[in-house]
Amino acid sequence: MNVASLNFQSWRGYLELMRPANIVTAWADILVGFGASGGIIFAQLINGEASFAILIPLACLLLATTGLYGGGVVFNDVFDAELDAKERPNRAIPSGRVSRENATLLGSILFAIGILAAFQVSLVSGAIAIFITLSCLLYNSLAKHHPFFGPLNMGLCRGSNLLLGVSAVPAMIGERWYLALIPVIYIAAITAISQGEVHGGKKITGVLALLLIAIVLTAVLALGLLGEYAAIAALPFAVLLAIRVLPNFIKAAREPVAENIRSAVKIGVLSLIVLDAAIASGFAGLYYGLFVLILLPFSMKLAKVFAVT
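These remarks concern the structure in this document. (Residues numbered from 1 in each chain as written. Predicted model: local features only at pLDDT ≥ 70, side-chain atom pairs only at ≥ 80, totals over all residues. Heavy atoms only, no water.)

1. Regarding the overall build of the protein
Helix and strand counts for the protein stand at 16 helices and zero strands. Referenced to the eigenvectors of the C-alpha coordinate spread, the extents of the protein come out at roughly 55 × 45 × 30 Å. Buried residues in the protein amount to 53% of all 309 residues. Within the protein, contacts between residues separated by at least 24 positions form 77% of all contacts whose residues are at least 6 apart in sequence. Carbon and sulfur atoms make up 71% of the accessible area of the protein, which totals about 13800 Å². Positive and negative charge centroids in the protein, built from 19 and 15 side chains respectively, lie 8 Å apart. (Helix = DSSP H or I, 4+ residues; strand = E, 2+ residues; numbered from the N terminus. Buried < 20%, exposed > 50% of the residue type's maximum accessible area, 1.4 Å probe, protein only. Contact = heavy atoms within 4.5 Å. Areas by Shrake-Rupley, 256 points an atom, 1.4 Å probe, with all protein chains shown as cover. Lys, Arg positive; Asp, Glu negative; His and termini not counted. Charge placed at Lys NZ, Arg CZ, Asp CG, Glu CD.)

Below, the structure written as structure tokens:
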């Protein structure tokens, strides 16, 4: 094997650790939070009314979530290195393509980039970024193996990521904090069912996950009761989310074998973009929701090249 081949495998290993397809879903969180904060730029841009200065906070937050999410999933593999050596030896660290030390360095650099980029927007954004970093480390080191606190911890990471987008207008955090509850519940459902993606799971876990997904779908439309939210604009995206997610979760609940669970988890993670598009359209209009949804085919394409779970 020549040097060029070794270098390619090494770089691919680093990218595998960062889960590129998943990072794209994190971008969607930022976009929906940004739209819900009132920092709506899409309509202004297409009408030529927005200054490109408005894009700077959004760009910083997108960079921040790239570092935070990337760092989080890298440390997931760092902490699971011994377990993966037995259960998933083809992963980057146990296969020897990336050393555990280099993976730790990569995750640390990504976290640092995420925090620094967030502080460029506001102190509130920086504080949220620090909270996400600590929550990720807590999840990877301790909480992930707990059947209740693991899903809750991961959900908090994702909900905080949405609030990171809202923090583009810091004063709006107090008004839009409740939006974080939706991804908390959604990710809790995915994390709960994912605990059986290697050896299979339990039917009761699948049923619980289905119940949580149903709550999420209801909440997306029920936001219309709060005002300043057009549930009719969110409805098409909510229907698309149900079509994508429910059949796979029902199958995993009925037959909780590892293959069905992995499929449900993969679809669930990628469909976060659809969930975000639904909420974004409710606050910022149908076109903004479609703008967020554009990320879905991009993420799906990356998911064919790099693992999602």
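After that view, the rundown keeps rolling.
2. Thoughts on the packing of aromatic side chains
Tallied over the entire structure, the rule returns eight aromatic pairs. Note on Phe-75 and Phe-111: the rings are 5.6 Å apart at their centroids and 10° apart in plane angle, and the pair reads as stacked. Of this pair, Phe-75 sits in helix 4 (residues 55-79) while Phe-111 is found in helix 6 (residues 100-119), placing the two residues 36 residues apart along the sequence. The class for Phe-75 is buried, based on a relative accessible area of 8%. Under the relative-accessibility criterion, Phe-111 is labelled buried at 4%. An aromatic cluster of at least three residues, connected via ring pairs, comprises Phe-75, Phe-79 and Phe-111. (Phe/Tyr/Trp six-rings, centres within 6.5 Å; stacked < 30°, edge-to-face > 60°.)

3. Description of the environment of Phe-119
Tracing the backbone shows Phe-119 in helix 6. In this structure, the C-alpha to C-alpha distance between Phe-119 and Leu-296, residues 177 residues apart in sequence, is 28 Å. Among all residues touching Phe-119, those that are not within four sequence positions of it are Gly-126, Ala-127 and Ile-130.

4. Thoughts on the packing of helix 2 (residues 20-36) against helix 16 (residues 295-303)
As a packed pair, helix 2 and helix 16 sit with axes 7 Å apart at the nearest point and diverge in direction by 160°. In terms of orientation, helix 2 lies roughly antiparallel with respect to helix 16. The crossing of helix 2 and helix 16 is left-handed. For the pair helix 2 and helix 16, the contacting residues are Pro-20, Ala-21, Val-24, Thr-25, Trp-27, Ala-28 and Leu-31 in the first and Leu-295, Phe-298, Ser-299, Leu-302 and Ala-303 in the second. Residue composition of the contact of helix 2 with helix 16, by class: 10 nonpolar, two polar and no charged. (Axes fitted to C-alpha atoms, helices over the stretch in contact; angles between N-to-C directions. Parallel < 35°, antiparallel > 145°, perpendicular 65-115°, else oblique. Left-handed = near helix turned anticlockwise from the far one by under 90°. Nonpolar A, V, L, I, M, F, W, Y, C, P; charged D, E, K, R; others polar.)

5. Some thoughts on the nonpolar core
Core analysis: the largest hydrophobic core is formed by 92 residues, its most contacted members being Leu-164, Tyr-186, Val-220, Phe-249, Leu-275 and Ile-279. The contact partners of Leu-275, leaving out residues within four places of it in the chain, are Ile-182, Tyr-186, Val-216, Val-220 and Leu-241. (Core = buried A, V, L, I, M, F, W, Y, C linked by side-chain atoms within 4.5 Å.)

6. Remarks on unusual backbone geometry
One non-glycine residue with positive phi stands out, namely Arg-19, at about 50°. Summarising the element assignment, Arg-19 is placed in the loop between helix 1 (3-18) and helix 2. For Arg-19, a relative accessible area of 5% translates into the label buried.

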